[in-house]
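Close look at the chain arrangement
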Number of protein chains: 2
Amino acid sequence: MALIVQKYGGSSVGSIDRIRNVARRLVETHRAGNRVVAVVSAMSGVTDRLIGMAHEVSENPPTRELDMLMATGEQQSIALLGMAITEMGFKARSFTGRQAGIFTYGSHTRARIHRIDPAAVTTALDEGYICICAGFQGIAADGAICTLGRGGSDLSAIALAAAVKADLCQIYTDVDGVYTCDPRVVKDARKLPVLSYDEMLEMASSGSKVMQARSVEFAKKFGVVFEVRNSMNNNPGTIVQEETPSMESLVIRGVSIERNQARLTISNISEPVPYTAIILSALSDAEINVDMIVANTAHDGHARQSLTMNMSDLGAAQAALQKVLPQFGAEAKLETEAGLAKLSVVGVGMRSNSGVAATMFRALADAGIETGMIATSEIRITTTVPAADIEQAARVVHDAFHLNTVQE
Amino acid sequence: MALIVQKYGGSSVGSIDRIRNVARRLVETHRAGNRVVAVVSAMSGVTDRLIGMAHEVSENPPTRELDMLMATGEQQSIALLGMAITEMGFKARSFTGRQAGIFTYGSHTRARIHRIDPAAVTTALDEGYICICAGFQGIAADGAICTLGRGGSDLSAIALAAAVKADLCQIYTDVDGVYTCDPRVVKDARKLPVLSYDEMLEMASSGSKVMQARSVEFAKKFGVVFEVRNSMNNNPGTIVQEETPSMESLVIRGVSIERNQARLTISNISEPVPYTAIILSALSDAEINVDMIVANTAHDGHARQSLTMNMSDLGAAQAALQKVLPQFGAEAKLETEAGLAKLSVVGVGMRSNSGVAATMFRALADAGIETGMIATSEIRITTTVPAADIEQAARVVHDAFHLNTVQE
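The following paragraphs examine the structure supplied in this document. (Residues numbered from 1 in each chain as written. Chains lettered and ligands numbered in written order. Predicted model: local features only at pLDDT ≥ 70, side-chain atom pairs only at ≥ 80, totals over all residues. Heavy atoms only, no water.)

All names here are of chain B. By volume, the largest pocket amounts to about 1,000 Å³. Contributing to the lining of the largest pocket are 28 residues, with Ser 205, Lys 209, Gln 212, Asn 289 and Asn 310 lying nearest its centre. Those elements giving two or more residues to the lining of the largest pocket turn out to be α6 (197-205), α7 (213-222), β13 (254-270), β15 (302-310), β17 (374-377) and β18 (380-386). Sorting elements by how many residues they give to the lining of the largest pocket places α7 first, with 3 residues. Residues that form the lining of the largest pocket fall into these classes: 8 nonpolar, 9 polar and 11 charged. (1 Å grid on protein atoms, 1.4 Å probe; cavity = no way out; pocket = protein on both sides within 12 Å on 5 of 7 lines; lining within 4 Å. Points joined across faces, edges and corners; volume = space filled by probe spheres on them. Helix = DSSP H or I, 4+ residues; strand = E, 2+ residues; numbered from the N terminus. Nonpolar A, V, L, I, M, F, W, Y, C, P; charged D, E, K, R; others polar.)

Below, the structure written as structure tokens:
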């Protein structure tokens, strides 16, 4: 008898019919002899509607009250799901974040999980209940209701799976799993049967938004094996787990793309000045996430630094850096380039297989695609390309690594 | 500096504009130098919509999950009200039933308040917050969310007022207070400035549905002075408090009416048989509330018993009593009469003033109105009249006691 945590997102419980569908899946898992914990998001659209009401009342609603309001979304879906399972003749019990023992710390609307005391949930499991927990929420030490921010329900599921020592955590979503590349871009992209935590993390941070990186990090930290699956069919999904020796036999696991990138370059910096510190502090103060960073010193002794970021942050970044520009000397210049995209190849096999970068850049050059900034990690190589070329870039790199053919 | 609890019902917070109106009233009370606790219902329509969703999922939804679902209604209104007050530049903090320390016992969907631990609320008051508590909800000993049933928010307000030792509890509704009679029926009915708990109880049980009897009973038990007021204006309301000697100077306080009554009579009962016990047990098993009961023995040794109840219960009562009828002998007969109404006069002055019943029945007789069953308490006299005559009956009795003239 296994203990399985199943997480269902907002679109999986987006209507009464879909709630019934989830109830059936939970009941099937239970009837197959498993102990079942569900973690559920708010019905799709509900959270946005609640935020809309909040903004009708206040331009800048207090985050404590915003959490109080938003938490009702999941509370409604767990109650309805509990009713649907009971209606099918099975025992179900719903749990708010507080009742599930999810304790948080940090700021409202983006709290972090501090610890989980799953006693109430495990007691109910022992009594034969299917347990339905509200994702995305928990309580702070002072008893205030807190929400966990974007991707919070995935995090709730992974953390609960760790706390109840689940055998498996299934993350149900609207795709069949993690693919070698976005199938809308690369027609012969394949679903990956298995992936290491680190590969999943690099895929997430380089654009494959199946899950937020922090949920994957939590799973890695606590060794929670999870599977990304489709809530609308019974296809096997992608299992994400600790790296195994056999994973290295594959040179790369997948190609990941991210659109809407922009580059910002400050050139003619008169040294000596701690320009990297000044630039990154200015951007951090403006709450802008910087992605790739390249710095070099020109032969005339002037330095130059380039950074990439999301297009939507470019305006704010420009404003923030104009203020510090005078510190870099009279000739310092600020230039921007929009219309970029990022392409990454990811795979733990990169560590033991040389020539990955060569293969990647050869394929892009052969296709006449211009590459820009380059960044690497131990298991990832990323380059910027013109936004207009990103789909072709993905296809030629996917082909160059033969990702369309079945690999063990 | 007084401590004031203000309760606002669903229609008072039925839209974003109305929530702002309530926020303004709370802020005004706070600025006048008072410590303020609000108790709030769900926005009107929300609870019905949630119940509708529950019934889409299940014909007979489990009550634990129904409470989980319904409690989100108040949680939303307290959060929005908290935002509205913050937007006006004042400190506000919302509390779910659990956070306000409202502990319940008894069944889901109609739980009772066991005790209140208002520590979190009083701490917030000490820190200068306007405290906004969810009405209608609390938690059971096992941590489950429970709702308090009809009129539950009034009960929450009265109980919180007792727990925080409030100087006054204001129950805001859509009428200006308690009237000598329903102003839609008796044009010159007057608003009563003051009323004793017992009078309010008798008015409630005899049809004036401003508040549920159990809230008034709770207030009486704990000596909570409360005022029924209109949330849409600043008129003084009706204060309900412990009886004072001066209250007895008024013979009666008001006339209360209740429509949709029915009578059920079992006649030709062959004695000896404990017929009252049998009849009331049968009705109680069918969960039917009986109101007036009249029993007598006819000269031929056969007994006869009449009961009144709400029209809507008549069918079920008839079915329940048909089953026990054979126990009363072969000649026993069950008859029903629909189309009745009830008229009551209420007043603590009745105790020390004789002739109240005579005045009442003389007025009805003079108007040619037939009276039926009669029931009395120490401070109330009730009679049934034909439904078609109830409005005229109310007017002639109101006149007979000069209730239209200002009394101290």
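Glancing now at the relation of the copies chain B and chain A. Rotating chain B by 180° and translating it 0.0 Å along the rotation axis places it on chain A, where the RMSD comes to 0.1 Å. Within this description, the copies of the chain are treated as partners about a two-fold rotation axis. Minimal C-alpha distance to the rotation axis in chain B is attained by Thr 72 of chain B, lying at 2.6 Å. A shared binding surface is used by both copies, with 100% of the interface residues of chain B retained as interface residues in chain A. (Least-squares fit on C-alpha atoms with pLDDT ≥ 70 in both. Contact = heavy atoms within 4.5 Å.)

Let us now look at unusual backbone geometry. Note: most residues except glycine have negative phi, and most peptide bonds are trans. Residues and elements named next belong to chain B. One non-glycine residue, Phe 136, lies in positive phi territory at about 75°. Mapped onto the fold, Phe 136 is located in the loop between β6 (130-134) and β7 (137-139). Residue Phe 136 is classed as buried on the basis of its relative accessible area of 14%. (Buried < 20%, exposed > 50% of the residue type's maximum accessible area, 1.4 Å probe, protein only.)

The subject of this paragraph is empty space enclosed by the protein. A full pass over the atoms with the stated rule returns 1 cavity of 30 Å³ or more. Computed from the structure, the largest cavity encloses a volume of approximately 220 Å³. Residue lining of the largest cavity: 22 residues in total, with Thr 96, Arg 98 and Ile 145 of chain A together with Thr 96 and Ile 145 of chain B positioned closest to the centre. The set of elements that each furnish at least two residues to the lining of the largest cavity consists of α3 (63-87) and β7 (137-139) of chain A together with α3 (63-87) and β7 of chain B. Of the residues assigned to the lining of the largest cavity, the class counts are 6 nonpolar, 14 polar and 2 charged.

For the rest of this paragraph, the subject is helix α9 (residues 314-324) of chain A. Residue and element names in this part refer to chain A. What α9 keeps buried is the set Leu 314, Ala 317, Ala 320, Leu 321 and Val 324. The buried residues of α9 occupy an angular sector of 130° when projected down its axis, which confines them to one face. Among the structural elements, β13 (254-270), α8 (275-285), β15 (302-310) and β16 (333-346) are those in contact with the buried residues of α9. (Arc of directions from axis to C-beta.)

Another aspect to go through is the sheet that holds strand β11 (residues 226-230) of chain A. Residues and elements named next belong to chain A. Taken together, 8 strands build an open sheet; the order of strands is β3-β6-β2-β1-β9-β11-β12-β10 and the sheet is mixed. If you trace the sheet from one side to the other, it starts and ends with β3 (92-95) and β10 (194-196), each paired once. With direction set aside, neighbouring strand axes in the sheet form an average angle of 20°. As defined by bridge partners, strand β1 (residues 3-8) adjoins strand β2 (residues 35-40) across 6 bridges and the pair is classed as parallel. The residue bridging Ile 4 from the neighbouring strand is Val 36, located in β2. (Pairing = 2+ DSSP bridges. Axes fitted to C-alpha atoms, helices over the stretch in contact; angles between N-to-C directions.)

Residues and elements named next belong to chain A. Looking at where Leu 364 falls in the secondary structure, it is placed in helix α10 (residues 356-366). Leu 364 gets classed as buried once you look at its relative accessible area, which sits at 0%. Separated by 33 residues in sequence, Leu 364 and Val 397 place their C-alpha atoms 7.0 Å apart. If near-sequence neighbours (up to four positions away) are discounted, Leu 364 is found in contact with Leu 343, Ile 369, Thr 371, Thr 383, Ala 393, Val 396 and Val 397.

Before going further, it helps to spend a moment on the sheet that holds strand β17 (residues 374-377) of chain A. Residue and element names in this part refer to chain A. Spatially, the 6 strands line up as an open sheet ordered β14-β15-β13-β16-β18-β17, and their pairing is antiparallel. Where the open sheet ends on each side, the last strands, each with one partner, are β14 (293-297) and β17. Strand-to-strand twist in this sheet, taken as the mean axis angle between neighbours without regard to direction, amounts to 30°. Here β13 pairs with β16 via 11 bridges, running antiparallel. Its bridge partner being in β16, Gly 254 is matched across the sheet by Val 346. Its contacts with the sheet put α10 on β16, β17 and β18 (380-386), and the angle it makes with β18 is roughly 15°.

Turning our attention to the packing of helix α2 (residues 46-57) of chain A against α3 of chain B. Viewed as axis vectors pointing N to C, α2 of chain A and α3 of chain B meet at an angle of 30°, and their least axial separation amounts to 9 Å. Classified by the interaxial angle, the pair formed by α2 of chain A and α3 of chain B is roughly parallel. Crossing angle aside, the handedness with which α2 of chain A passes α3 of chain B is right-handed. Together, Leu 50, Met 53, Ala 54 and Val 57 of chain A of α2 of chain A and Gln 76, Leu 80, Met 83, Ala 84 and Glu 87 of chain B of α3 of chain B make up the contact between the two elements. Within the contact of α2 of chain A with α3 of chain B, the residues separate by chemical class into 7 nonpolar, 1 polar and 1 charged. (Parallel < 35°, antiparallel > 145°, perpendicular 65-115°, else oblique. Left-handed = near helix turned anticlockwise from the far one by under 90°.)

Counting from both sides, the interface comprises 41 residues of chain B and, opposite them, 41 residues of chain A. A combined buried area of about 3,300 Å² lies between chain B and chain A, and 61% of that area is made up of carbon and sulfur atoms. In this structure, the connection of chain B to chain A is made through 0 salt bridges. In this assembly, chain B and chain A are joined by 14 residue pairs in polar contact (both at pLDDT 80 or more). If you list the elements that add at least two residues to the side of chain B that touches chain A, you get α1 (16-31), α2 (46-57), α3 and β3 (92-95) of chain B. (Buried area = accessible area lost by both parts, 1.4 Å probe. Salt bridge = Lys/Arg side-chain N within 4 Å of Asp/Glu carboxyl O. Polar contact = N/O pair within 3.5 Å; in protein donor to acceptor, adjacent residues only side chain to side chain.)

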